[in-house]
Amino acid sequence: DRGFINTQTKKVKNRIKLDYDFMLLIGYYLAEGHISQNRDGVFFTFGSKEKEYIKEVITLIYSIFGYEATTKENSDNSTTISIHSRIIAEFIYSLAGSGFNKKSLSDIIKFSSPSSQIGLLVGAFRGDACAIEEGLQLTLANQTLIEELFEIALRCGLSPYMFRGYKNSIANYFPYQLKIGARFDKEFILKVAKNIDKINLTPQGNSALRYFWFNEN
């Protein structure tokens, strides 16, 4: 458990369990969240059609922190979930940082129990992964975070494959990709449950290899 003192008018729970649900929320944050520059709010942005994920994140925020998040429909067909709490923002920042290419996991997250950490992977893959024939592929412009998720996937008994993708002439950062395939990790694919119809759940032969870390450097 991790405790923190509430000094705000709007109360939040003062003890947080680092369980599956909490890790699931942090996984969503890694994929779709950010913290305001002055660290007084946490925001998640989803496509407005991702109603199940939006509902789940709102429910998780309330069950974990006792905080009722607000939502806003944006003109670009996205929905923002807002937590206007410095305590929660500072807490999440201490665990995962902020910024699409600067987030990094604290030791508390990296060395939590695998039974909780699987929630982190589920949230991250639901938020940002795409379905391919072999399984699910998560792409981030954040080498450190991809490497940390790769190590967590190994701790959870999965068979991940990580590599650096191609950077075109207008991109500022290399994309780093983490794949988890259906051949060895079908149970995880079904738990994420994202665009299952696009995935071959019964691959044959070499259509899905056991995954590993490939570094061109």
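In this text the structure is predicted, and so the values were computed from the model without any measurement.

J.: I'd like a rundown of the overall build of the chain, residues and numbers included.
T.: A tally of helices and strands in the chain yields seven helices and 11 strands. Expressed as a percentage of the 217 residues in the chain, the buried residues total 49%. For the chain, restricting intrachain contacts to residue pairs at least 6 apart in sequence, the fraction spanning at least 24 positions comes to 66%. Looking at the chain as shown, the accessible area adds up to about 11,200 Å², and 48% of this sits on carbon and sulfur atoms.

J.: I'd like to hear about the nonpolar core, residue by residue, with values.
T.: In this structure, F44 and L149 are the most contacted members of the largest nonpolar core, which totals 61 residues. Among the elements that make up this core, the one with the highest residue count is helix α1 (residues 20-32) (eight residues). Excluding its chain neighbours within four sequence positions, the residues that come into contact with F44 are L25, Y28, Y29, E32, G33, V57, I61, T79, T80, I81 and I83.

J.: How would you summarise the packing of α1 against helix α3 (residues 86-96) if you had to cite specific residues and measurements?
T.: Remark: α1 packs on α3, axes separated minimally by 12 Å, with the N-to-C direction vectors making an angle of 80°. What the angle tells us is that α1 and α3 run roughly perpendicular. Of the residues in α3, those touching α1 at F22, I26, Y29 and L30 are F91, I92, L95 and A96. Class assignment of the residues belonging to the contact of α1 with α3 gives a composition of eight nonpolar, no polar and no charged.

J.: With reference to specific residues and values, describe the side chain of N142.
T.: With respect to the helices and strands, N142 occurs in the loop between β8 (135-140) and α6 (143-155). For N142, a relative accessible area of 3% translates into the label buried. In this structure the side chain of N142 is engaged in a polar contact, spanning 3.0 Å, whose partner is the backbone oxygen of K103. Polar contacts involving the side chain of N142 include one to the main-chain amide nitrogen of L145, which spans 2.9 Å. The contacts of N142, once residues within four sequence positions are left out, are F100, N101, K102, K103 and Y176.

J.: Go over unusual backbone geometry with me, naming the residues and quoting the values.
T.: Excluding glycine, a negative phi dihedral is what most residues carry, and trans is how most peptide bonds are arranged. Residues other than glycine seldom take positive phi values, yet R39 does so here, at roughly 55°. With respect to the helices and strands, the residue R39 is situated in the loop between β3 (33-35) and β4 (42-47). According to the relative accessible area criterion, R39 is partly exposed, its value standing at 29%. Phi is positive for N195, which is not a glycine, with a value near 50°. Relative to the helices and strands, N195 resides in the loop between α7 (182-192) and β11 (213-214).

J.: So what about the sheet that holds strand β5 (residues 70-73)? Which residues, and what values?
T.: An order of β3-β4-β6-β5 is seen for the four strands of this open sheet, with the pairing classed as antiparallel. Since the sheet does not close on itself, it has two edges, and those belong to β3 and β5, each with one partner. Adjacent strand axes in the sheet meet at a mean angle of 25° when their direction is disregarded. In the sheet, β5 pairs with strand β6 (residues 78-83) via four bridges, with the strands oriented antiparallel. Within β6, the residue paired with K72 across the bridge is T80. On the sheet, α1 packs against β3 and β4 and is oriented at approximately 75° with respect to β4.

J.: Requested: an account of α7, with residues and values cited.
T.: Among the residues making up α7, those that are buried are A182, D185, F188, I189 and V192. All buried residues of α7 lie within an arc of 130° about the axis, which places them on one face of the element. Downstream of α7 by one or two residues, A193 has phi in the positive range, about 55°.

J.: Which residues make up the pairing of β6, and what values go with them?
T.: The element β6 is largely enclosed, with a buried count of six among its six residues. Burial along β6 is two-sided: the residues S78, T80 and S82 and T79, I81 and I83 are all buried. Direction of pairing for β4 relative to β6: antiparallel, over a ladder of six bridges. Bridging across to β6, G47 finds its partner in S78. What sits between the antiparallel neighbours β5 and β6 is a turn of four residues, in which N77 has the positive phi angle 65°.

Reading the values: the criteria
Residues numbered from 1 in each chain as written. Predicted model: local features only at pLDDT ≥ 70, side-chain atom pairs only at ≥ 80, totals over all residues. Heavy atoms only, no water. Helix = DSSP H or I, 4+ residues; strand = E, 2+ residues; numbered from the N terminus. Buried < 20%, exposed > 50% of the residue type's maximum accessible area, 1.4 Å probe, protein only. Contact = heavy atoms within 4.5 Å. Areas by Shrake-Rupley, 256 points an atom, 1.4 Å probe, with all protein chains shown as cover. Core = buried A, V, L, I, M, F, W, Y, C linked by side-chain atoms within 4.5 Å. Axes fitted to C-alpha atoms, helices over the stretch in contact; angles between N-to-C directions. Parallel < 35°, antiparallel > 145°, perpendicular 65-115°, else oblique. Nonpolar A, V, L, I, M, F, W, Y, C, P; charged D, E, K, R; others polar. Polar contact = N/O pair within 3.5 Å; in protein donor to acceptor, adjacent residues only side chain to side chain. Pairing = 2+ DSSP bridges. Arc of directions from axis to C-beta.

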